[in-house]
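# Reading the structure
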Amino acid sequence: FLGHHDIEFHSHVLISDDPAEEILKSVKRLKGKLLVMGAYGESRLKSFFFGSVTKTVLKKARAPLFLYH
């Protein structure tokens, strides 16, 4: 979509034991101007015990965030 509108973008694949923190560190390191990520619902029980990447990124992100579900 961005390329079709002549907007420069770069995608990055991250693998980590703590994906939310890795995403936030990468956005800061890359000086990202917009974070685009998918948001997938998990069960309430799983989110309670293991947390939610989406919620953590929403709370801590310093760059604008575009979520797609």
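As the structure is a computational prediction, the values presented were derived from the model and not from experiment. (Residues numbered from 1 in each chain as written. Predicted model: local features only at pLDDT ≥ 70, side-chain atom pairs only at ≥ 80, totals over all residues. Heavy atoms only, no water.)

It is the contact of helix α1 (residues 19–30) with helix α3 (residues 53–60), at a shortest axis distance of 8 Å, that shows an interaxial angle of 35°. The element α1 and its partner α3 pack so that their crossing is right-handed. In this structure, α1 uses P19, A20, E21, I23 and L24 to contact α3, whose residues at the interface are V53, T56, V57 and K60. Residues of the contact of α1 with α3, tallied by class, amount to six nonpolar, one polar and two charged. (Axes fitted to C-alpha atoms, helices over the stretch in contact; angles between N-to-C directions. Helix = DSSP H or I, 4+ residues; strand = E, 2+ residues; numbered from the N terminus. Left-handed = near helix turned anticlockwise from the far one by under 90°. Contact = heavy atoms within 4.5 Å. Nonpolar A, V, L, I, M, F, W, Y, C, P; charged D, E, K, R; others polar.)

This part takes up the layout of surface pockets. A volume near 790 Å³ is recorded for the largest pocket. In this structure, the largest pocket is lined by 22 residues; those nearest its centre are H10, S11, H12, L34 and V36. If one sorts the elements of the lining of the largest pocket by residue count, α1 sits on top with five residues. The residue makeup of the lining of the largest pocket, split by class, is 13 nonpolar, six polar and three charged. (1 Å grid on protein atoms, 1.4 Å probe; cavity = no way out; pocket = protein on both sides within 12 Å on 5 of 7 lines; lining within 4 Å. Points joined across faces, edges and corners; volume = space filled by probe spheres on them.)

Confidence in the prediction for the protein chain averages 85 pLDDT; 90% of positions are at 70 or higher. Between the elements of the protein chain, mean pLDDT differs from a low of 64, seen in helix α2 (residues 44–50), to a high of 93, seen in α1. (pLDDT = per-residue confidence, 0-100.)

What follows deals with α1. In a regular helix each residue adds 1.5 Å, so twelve residues correspond to 16 Å; α1 covers 16 Å between its end C-alpha atoms and thus fits that length. Of the surrounding secondary structure, the elements contacted by the buried residues of α1 are β1 (35–38) and α3. One or two steps after α1, the chain reaches K31, where phi turns positive at roughly 55°. (Expected span 1.5 Å × (residues − 1).)

Attention shifts here to a nonpolar patch on the surface. Residues F1, L2, I7 and F9 make up a contiguous nonpolar surface patch of about 450 Å² in total accessible area. One can find L2 in the segment before α1. (Patch = residues over 30% accessible without salt bridge, like charges linked within 9 Å, V, L, I, M, F, W, Y side chains within 5 Å. Areas by Shrake-Rupley, 256 points an atom, 1.4 Å probe, with all protein chains shown as cover. Salt bridge = Lys/Arg side-chain N within 4 Å of Asp/Glu carboxyl O.)

What follows is about the nonpolar core. A20, I23, L24, V27, L35, M37, V57, A61 and A63 form the largest nonpolar core, which has nine residues in total. Contributions of two or more residues to this core are made by α1 and β1. Here the element with the most residues in this core is α1; it accounts for four residues. Sequence-distant contacts of I23, defined by excluding residues within four places in its chain, comprise L14, L35, V53 and V57. (Core = buried A, V, L, I, M, F, W, Y, C linked by side-chain atoms within 4.5 Å. Buried < 20%, exposed > 50% of the residue type's maximum accessible area, 1.4 Å probe, protein only.)

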